[in-house]
Amino acid sequence: MLLAMSLSVWSLDRAPKQRIVEDGGTGPYKAIMKEEATLAAHTVFVPQDLSAFNRDNPLPVLVWGNGACANSPFEHYKFLNEIASYGFIVVATGFFPMTDEPYRGEMSKTEQQIESIDWVMAQNADKQSPYYQKIDVNSICVAGMSCGGLQTLYNCADSRIRTLMICNSGLFNQQNAGSAVGGMPMPPKEKLNDIHSSIIYILGGEEDIAYGNGMDDFHRIKHVPACAANLPVGHGGTYAQPHGGEFTVVALAWLQWQLKGDQKAALMFKGNDCGLAKREGWTIEKNHLFEFLK
């Protein structure tokens, strides 16, 4: 009853916000950034035309958490929109960003990523939803930048996760935990043992303040396939560049491989002469299980 009343108030007050970002992205499915009345405090990026998607061609899912625990993807919307334009539904923590202005409200919470997963599951099963039987609920990546990466690792044990993507982030250890921003989730390094999926760290090189934490995580992970990709651009990554810059190239290839089974995309990572190693500035390290990843 309360949900129905809140949705009624929403509909009377205003329509959910929508925005076309960078002409919808460069992918084959022009994307839109939008609010959803059924999912408070989140922003969704999705192809504008859903007619191409069905049970035989569903949308894989990217769940995203923001840097600085911001409760808005204002820093990452170009990056996320570009991914959506290649046939993904992206559900980002936080309120819809109308501009690039920094979000000044309360910090986001780790459970918002779980809310995102719950929402896509419910939408795919709801005959009244425009997403009914159009979402691949078995192909979910949970990801985030900086604090969002910590939120992702906090949630890593969720059995619905198929792969993880940790950007400019890594778990703090006892020696440097005091340097963390207040309010960030602080799982211990033992939390890495809860990871049950493949995982990629996308870091900004030694200039990235999260480099030490992220690389330490990577070197500790020995029970699942893991890799660490570095581009020396610092903690801010390339998210604000047109279409998200180089970080989008790598993230998109990972998602196309791990969530869509695209073997051409796999060549970005697999083999001694992989595509990422050939891209200017990038380096990649892989653990002993990585080459068995399909």
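This text follows the structure it describes.
Keep in mind it's a predicted model, so treat the numbers as computed, not measured.

Draft legend 1. Expanded view of the pairing of strand S8 (residues 198–203). For S8, a buried count of six out of six residues is recorded, marking the element as mostly surrounded by other parts of the structure. Here S8 shows a buried face lined by Ser198, Ile200 and Ile202 and a second buried face lined by Ile199, Tyr201 and Leu203. By the bridge criterion, five bridges tie S8 to strand S9 (residues 226–230) in an arrangement that is parallel. Looking at S9, one finds that Leu203 is bridged to Asn230. Traced from S8 through helix H5 (residues 211–220) to S9, the parallel crossover comes out right-handed.

Draft legend 2. Molecular detail of the nonpolar core. The biggest cluster of nonpolar side chains holds 45 residues, and the ones touching the most others in it are Met165 and Phe269. Per element, the largest residue contribution to this core is nine residues, and it comes from helix H6 (residues 245–260). Beyond its immediate chain neighbours, meaning those up to four positions away, Met165 contacts Leu62, Cys141, Val142, Ala143, Gly144, Ile200, Ile202, Ala251, Trp254 and Leu255. By size, the runner-up hydrophobic cluster in this structure holds 41 residues, among which are Val120, Val137, Leu150 and Leu192.

Draft legend 3. Structural context of the pattern of salt bridges. Following the criterion strictly, the structure yields 10 salt bridges and no others. With its nearest N and O atoms 2.9 Å apart, the salt bridge here joins Lys189 to Asp216. Here Lys189 is found in the loop between strand S7 (163–167) and S8, whereas its partner Asp216 is found in helix H5, with 27 residues between them in sequence. With a relative accessible area of 9%, Lys189 lands in the buried category. Note on Asp216: relative accessible area 26%, which makes it partly exposed. If you follow the salt bridges from partner to partner, you end up with Lys189, Asp216, Asp217 and Arg220 in one network.

Draft legend 4. Geometry of the packing of aromatic side chains. Counted under the stated rule, the structure contains 13 aromatic pairs. Taking 5.4 Å as the distance between ring centres and 75° as the angle between the ring planes, the aromatic pair formed by Tyr239 and Phe247 counts as edge-to-face. Phe247 carries the same exposure label as Tyr239, and that label is buried. Arranged with centres 5.8 Å apart and planes meeting at 75°, the rings of Trp257 and Phe290 form a pair that is edge-to-face. Taken as a pair, Trp257 in helix H6 and Phe290 in the segment after strand S10 (283–286) lie far apart in primary sequence, 33 residues in all. Accessibility classification places Trp257 together with Phe290 in one group, the buried group. Through pairs of rings, three or more aromatic residues link up here, namely Trp64, Phe79, Tyr239, Phe247 and Trp282. When the ring centre of Tyr154 is taken as origin, the NZ or CZ atom of Lys191, which lies over that ring, is 5.9 Å away. The lysine or arginine in question, Lys260, covers the ring of Phe88, its NZ or CZ lying 4.6 Å from the ring centre.

Draft legend 5. Examining the state of the cysteines more closely. Applying the stated rule across the entire model yields one disulfide. Covalently, Cys69 is tied to Cys147 through a disulfide, its sulfur atoms 1.8 Å apart. The sign of the S-S torsion, about 80°, decides the handedness of the disulfide formed by Cys69 and Cys147: right-handed. Of this pair, Cys69 sits in the loop between strand S4 (59–65) and helix H2 (77–84) while Cys147 sits in helix H4 (residues 147–154); the two residues are 78 residues apart in sequence, bridging distant segments of the chain. Here Cys69 matches Cys147 in class, with each residue buried. With no disulfide of its own, Cys156 lies closest to Cys141 among cysteine sulfurs, the gap being 13 Å. Owing to a relative accessible area of 1%, Cys156 belongs among the buried residues under this scheme. Cysteine Cys227 is unpaired, with the sulfur of Cys274 as its nearest cysteine sulfur at 8.7 Å.

Draft legend 6. Structural detail: H2. When you tally the buried positions in H2, you get eight out of eight residues, the bulk of the element. The set of residues buried in H2 consists of Tyr77, Lys78, Phe79, Leu80, Asn81, Glu82, Ile83 and Ala84. Each element contacted by the buried residues of H2 is listed here: strand S1 (18–19), strand S2 (31–36), strand S3 (39–47), S4, strand S5 (89–93) and H6.

Draft legend 7. A look at the sheet that holds S4. One open sheet holds the 10 strands; their spatial order is S1-S2-S3-S5-S4-S6-S7-S8-S9-S10, and the pairing between them is mixed. Whereas interior strands pair on both sides, the edge strands pair on one side only; in this sheet they are S1 and S10. Here six bridges tie S4 to strand S6 (residues 135–145), and the two strands are oriented parallel to one another. Within the sheet, the bridge partner assigned to Val63 lies in S6 and is Val142.

Procedures and definitions
- Residues numbered from 1 in each chain as written.
- Predicted model: local features only at pLDDT ≥ 70, side-chain atom pairs only at ≥ 80, totals over all residues.
- Heavy atoms only, no water.
- Buried < 20%, exposed > 50% of the residue type's maximum accessible area, 1.4 Å probe, protein only.
- Helix = DSSP H or I, 4+ residues; strand = E, 2+ residues; numbered from the N terminus.
- Pairing = 2+ DSSP bridges.
- Right-handed = clockwise from strand over helix to strand, strands pointing away.
- Core = buried A, V, L, I, M, F, W, Y, C linked by side-chain atoms within 4.5 Å.
- Contact = heavy atoms within 4.5 Å.
- Salt bridge = Lys/Arg side-chain N within 4 Å of Asp/Glu carboxyl O.
- Phe/Tyr/Trp six-rings, centres within 6.5 Å; stacked < 30°, edge-to-face > 60°.
- Lys NZ or Arg CZ within 6 Å of the ring centre and 35° of its normal.
- Disulfide = S-S within 2.5 Å.

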